[in-house]
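# Per-entry structural report
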Amino acid sequence: MENNYIEFNEIDYIVPAETYSVAYSYLSKQGFPVTKDFLLRLLHISSLSKYELASFFGFNPRELDVALEEPINKNEVCYLDDGRLSLTALSKGYFSSLDDKPMVEKPQSRSSTISFELLGFNKVGKQHGGWYTGLRLAPNNEIKSTSVQHAKSMFAKHFHRLVESGDLGRIRTEGKSIPSLYSVDKVTRKKSIAHRIKRTFKINLDNKVKPFYVNKSYENDEAISQAIAQKTDNLRLGDNLQS
């Protein structure tokens, strides 16, 4: 039990990490300007004549032509054989069975800053310590040499999770819909940082040290656990050789 252990030491392990600037585009559902929104909603209910539309909006013929110009040019509204106006297959796709508000996915460009450690390439938070007063762990050389590619891959793989956790800041979208990643355009390494993991050593009355488990918030906790265990074993071996 926890109370049977006595704390006898505390060590910070310093995990090398890097911060990257990621330029990307995402698709988010957005609504339309008021006039176009109502125009699409009306035609979603029923095909209408120009006279009926003009009467609803209170438009004169010229004003109605201006309102119709863009949706007709974008193949969102078309004329039927009887002269009435109707939605096309494209604009019908703007509506869902759960919502009568027309929505369309549009690409939005932005950049965000994110940090990954160089052992298992786990995302780490924004709070970091210094490089001193701790045991520094050696980075995975393969990961370090291709870290930009790893950052791009991990960003794409966990985009939805990063959005939901707020790590990318506030991403504009309509309602509660979750945006989808469109492209990762550029990843730039900004700086090296020290990610610190604190370990408290505890021992019980049988002289057994309490096992240490890395925080499960890491996606790849095995790489960090192995590096910490190896560093600790090396220290023990060094102490035994010196005694």
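Source: prediction; values computed, not measured.

## Describing the overall build of the protein
Helix and strand content of the protein: eight helices and seven strands. What you see for the protein is a C-alpha radius of gyration of 29 Å, clearly larger than the 18 Å of a compact globule of 243 residues, by over 25%. In terms of overall dimensions, the protein has a C-alpha envelope of 100 × 40 × 25 Å along the principal axes. The buried share among the 243 residues of the protein stands at 35%. Counted over contacts in the protein with a minimum sequence separation of 6, partners at least 24 positions apart contribute 75%. Side-chain charges in the protein split into 34 positive and 29 negative, and the spacing between the mean points of these groups amounts to 5 Å.

## Let's talk about the side chain of Glu18
Within the secondary structure layout, Glu18 lies in strand β1 (residues 6-30). Owing to a relative accessible area of 5%, Glu18 belongs among the buried residues under this scheme. One polar contact links Glu18 to Tyr20, side chain to side chain, over a distance of 2.6 Å. Here the side chain of Glu18 touches Arg189 through a polar contact of 3.0 Å, side chain to side chain. Residues within four places of Glu18 in sequence aside, it is in contact with Ile114, Ser115, Phe116, Leu118, Ser147, Arg189, Lys191, Ser192 and Ile193.

## Quick notes on the nonpolar core
Judged by nonpolar contacts, the single largest core of 19 residues is most densely connected at Tyr20, Val22, Tyr24, Phe121, Phe155, Phe159 and Leu168. Per-element tally for this core: the top contributor is β1, with four residues.

## Re the confidence of the model for the protein
Reading predicted coordinates in detail is not appropriate for stretches of low pLDDT. Summary statistics for the protein give a mean pLDDT of 86 and a share of 91% for residues scoring 70 or more. Element-level pLDDT for the protein is lowest in helix α8 (residues 221-242), with a mean of 70, against a maximum mean of 97 in strand β3 (residues 85-87). Here residues 237-243 is modelled with pLDDT under 50, and outside its nearest four sequence neighbours on either side it reaches zero contacts, counting other chains as well.

## Section: the side chain of Gln108
In this structure, Gln108 sits in strand β4 (residues 104-117). Residue classification places Gln108 among the buried residues on the basis of a relative accessible area of 17%.

## Quick notes on the environment of Leu87
Residue position: Leu87 is located in strand β3. With relative accessibility at 4%, the residue Leu87 sits in the buried group. The spatial distance from the C-alpha of Leu87 to the C-alpha of Tyr5 is 72 Å, given a sequence separation of 82 residues. Leu87 has contacts with Leu40, Leu43, His44, Glu76, Val77, Cys78, Lys92 and Phe95, leaving out every residue within four places of it along the chain.

## Considering the packing of helix α1 (residues 34-45) against helix α3 (residues 61-73)
Between α1 and α3, the least distance of the axes is 11 Å, while the angle of their chain directions is 70 degrees. In terms of their interaxial angle, α1 and α3 are classed as roughly perpendicular. Together, Thr35, Lys36 and Leu39 of α1 and Ala67, Leu68, Glu70 and Pro71 of α3 make up the contact between the two elements. Grouping the constituent residues of the contact of α1 with α3 by class yields four nonpolar, one polar and two charged.

## Notes on the layout of surface pockets
In this approach, a probe sized like a water molecule rolls over the atoms, and the result shows the empty space that is left. Roughly 280 Å³ of volume is contained in the largest pocket. As for the largest pocket, its lining consists of 11 residues, and the residues nearest its centre are Lys29, Tyr94, Ser96, Lys101 and Met103. A class-by-class count of the residues in the lining of the largest pocket yields four nonpolar, three polar and four charged. By volume, the second largest pocket amounts to about 230 Å³. Every residue lining the second largest pocket is listed: Phe116, Lys123, Met154, His158, Arg161, Leu162, Ser165, Asp167, Ser217, Tyr218 and Glu219. Broken down by element, the residue count for the lining of the second largest pocket peaks at three residues, all from helix α7 (residues 159-165).

Scoring rules and cut-offs
- Residues numbered from 1 in each chain as written.
- Predicted model: local features only at pLDDT ≥ 70, side-chain atom pairs only at ≥ 80, totals over all residues.
- Heavy atoms only, no water.
- Helix = DSSP H or I, 4+ residues; strand = E, 2+ residues; numbered from the N terminus.
- Rg over C-alpha atoms; globule rule 2.2 N^0.38 Å.
- Buried < 20%, exposed > 50% of the residue type's maximum accessible area, 1.4 Å probe, protein only.
- Contact = heavy atoms within 4.5 Å.
- Lys, Arg positive; Asp, Glu negative; His and termini not counted.
- Charge placed at Lys NZ, Arg CZ, Asp CG, Glu CD.
- Polar contact = N/O pair within 3.5 Å; in protein donor to acceptor, adjacent residues only side chain to side chain.
- Core = buried A, V, L, I, M, F, W, Y, C linked by side-chain atoms within 4.5 Å.
- pLDDT = per-residue confidence, 0-100.
- Axes fitted to C-alpha atoms, helices over the stretch in contact; angles between N-to-C directions.
- Parallel < 35°, antiparallel > 145°, perpendicular 65-115°, else oblique.
- Nonpolar A, V, L, I, M, F, W, Y, C, P; charged D, E, K, R; others polar.
- 1 Å grid on protein atoms, 1.4 Å probe; cavity = no way out; pocket = protein on both sides within 12 Å on 5 of 7 lines; lining within 4 Å.
- Points joined across faces, edges and corners; volume = space filled by probe spheres on them.

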